[in-house]
Amino acid sequence: MDPDGLLPLVLPAVMSLAARPLSGRLPPRTATWLLTATAVVLALASTASLAELALGGALRLPVIAGLGHLSEHVLHRDPETSPVVATVAGPALAASLAAAGWAAVRRVRGLLAGARAARALPGRGIVAVVEDDAADAFALPGRPGRVVVSTGMLSILDEAERRVLLAHERAHLSGRHHVFRALVHVASAANPLLLPLRGAVTFTTERWADERAAAGTDRERVARAIGKAALAHNRRPGLGPAAALGIGPGRAFGRHPGPVPRRVAALLAPPPPHRRWLVAATAALVAASVWAANDGALDLRQVIEHAQTR
């Protein structure tokens, strides 16, 4: 088997290591588009590669060889038709397709349920205030989408902080962030090696909304509002402030801070620059995966044509 044919199966692991650095080093809008496109393309390429490996081994089956008028002698001599590899690739392909299909169905159902809930909310404006002592705020995509905020959340924020919170949630709706998250969710279901990209895109969409909320205003005020809202939302009895902010033991200002401290730190710093070389390097990785999957398909086609000629 050509080692290049394994690239679509290996590169997702490489990308999983790069997901967190990319999510913090690039502007959040750029990072969201890049990570989402990368996850989708790598999932498709790895699935195609599994299909090629499974089909190559299946060609050795007498029934399939007979249907295609293929020379079994040629097939048995070609490494592209390894039955051992196909025995592994076949079940992996079936599991990948089943997981991706189930994830897609669940996401669509969730989005439809959210849209129904948005239509059922009282009032006609985009913001719906619900009576609830718990501090909560979220965006419900739909036609139209709605921003839901609890009275408990409003009670702990001042007027300026409320404007920040609502601008953040509106940005989720206008940016269609639920679409990016859904695509990466399905892609990571198809290939579990891409799971780190799911968390990375969740982070970058939150950062994208943070930056939209901070446009034309004091970034420190926005950072304070984001931290205050997160603390109130995550606070539970027996849970300290640090844990509520996602700062576990050994994580406070350490090598791996939680998403909220990372968001607050990013708002207290200037917006990240456009590092085009990172985008180009990621695009090259994705292109290599597509090229390898396509090359594997061409090799398999040549094997079939050769077996038919003989």
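Keep in mind it's a predicted model, so treat the numbers as computed, not measured.

(A) Summary view of the packing of aromatic side chains. Under the definition given, this model contains two aromatic pairs. With 4.9 Å between their ring centres and 80° between their planes, Trp 33 and Phe 180 make a pair best called edge-to-face. Pair noted here: Trp 33 is in helix α2 (residues 28–58) and Phe 180 is in helix α8 (residues 177–190), with a separation of 147 residues, a long-range link. For the ring pair Phe 180 and Trp 208, a centre distance of 5.7 Å and an interplane angle of 55° mean the geometry is tilted. One end of the pair, Phe 180, is in helix α8; the other, Trp 208, is in helix α9 (residues 195–214), and 28 residues separate them in sequence. Cluster of aromatic residues (ring-pair linked, three or more members): Trp 33, Phe 180 and Trp 208. Note that Arg 262 overlies the ring of Phe 203, its terminal NZ or CZ placed 3.9 Å from the centroid.

(B) Seen up close, the packing of helix α1 (residues 7–25) against α9. Running from N to C, α1 and α9 cross one another at 10°; their axes reach a closest spacing of 8 Å. Between α1 and α9, the angle falls in the class roughly parallel. Contacts from Met 15, Ser 16, Ala 19 and Ser 23 in α1 reach Pro 196, Leu 197, Ala 200, Phe 203 and Thr 204 in α9. In the contact of α1 with α9, the residues fall into six nonpolar, three polar and no charged.

(C) Quick look at the packing of helix α7 (residues 159–174) against α9. Contact geometry of α7 with α9 gives a least axis separation of 8 Å together with a crossing angle of 125°. Compared by their axis directions, α7 and α9 come out oblique. Judged by the sense of rotation from one axis to the other, the crossing of α7 with α9 is right-handed. Across from Val 164, Ala 167, His 168, Ala 171, His 172 and Ser 174 in α7, the residues of α9 making contact are Thr 205, Glu 206, Ala 209, Asp 210, Arg 212 and Ala 213.

(D) Region of interest: the pattern of salt bridges. For the coordinates displayed, the defined rule picks out seven salt bridges. The partner of Glu 206 in a salt bridge is Arg 181, and the shortest N-O contact between them spans 2.9 Å. Of the two residues, Glu 206 is situated in helix α9 and Arg 181 in helix α8; the sequence distance between them amounts to 25 residues. Under the relative-accessibility criterion, Glu 206 is labelled buried at 18%. Close ionic contact of Arg 263 with Glu 206 constitutes a salt bridge, the shortest N to O distance being 3.7 Å. Highlighted residues: Arg 263 in helix α12 (residues 259–268) and Glu 206 in helix α9, separated in sequence by 57 residues. Of the two residues, Arg 263 and Glu 206, neither departs from the other in class, the shared state being buried. Put simply, Arg 181, Glu 206, Asp 210 and Arg 263 are held in one network by salt bridges that share partners.

(E) Here's a closer look at a nonpolar patch on the surface. A cluster of nonpolar side chains, namely Leu 6, Val 10 and Val 14, defines an oily patch on the protein surface of about 210 Å² accessible area. Considering the arrangement of structural elements, one finds Leu 6 in the segment before α1.

(F) Spatial organisation of the side chain of Thr 282. With respect to the element layout, Thr 282 can be found in helix α13 (residues 276–309). According to the relative accessible area criterion, Thr 282 is buried, its value standing at 7%. Once residues lying within four places of it in the same chain are set aside, the contact partners of Thr 282 are Met 15, Leu 22, Leu 34 and Thr 38.

Analysis parameters
- Residues numbered from 1 in each chain as written.
- Predicted model: local features only at pLDDT ≥ 70, side-chain atom pairs only at ≥ 80, totals over all residues.
- Heavy atoms only, no water.
- Phe/Tyr/Trp six-rings, centres within 6.5 Å; stacked < 30°, edge-to-face > 60°.
- Helix = DSSP H or I, 4+ residues; strand = E, 2+ residues; numbered from the N terminus.
- Lys NZ or Arg CZ within 6 Å of the ring centre and 35° of its normal.
- Axes fitted to C-alpha atoms, helices over the stretch in contact; angles between N-to-C directions.
- Parallel < 35°, antiparallel > 145°, perpendicular 65-115°, else oblique.
- Contact = heavy atoms within 4.5 Å.
- Nonpolar A, V, L, I, M, F, W, Y, C, P; charged D, E, K, R; others polar.
- Left-handed = near helix turned anticlockwise from the far one by under 90°.
- Salt bridge = Lys/Arg side-chain N within 4 Å of Asp/Glu carboxyl O.
- Buried < 20%, exposed > 50% of the residue type's maximum accessible area, 1.4 Å probe, protein only.
- Patch = residues over 30% accessible without salt bridge, like charges linked within 9 Å, V, L, I, M, F, W, Y side chains within 5 Å.
- Areas by Shrake-Rupley, 256 points an atom, 1.4 Å probe, with all protein chains shown as cover.

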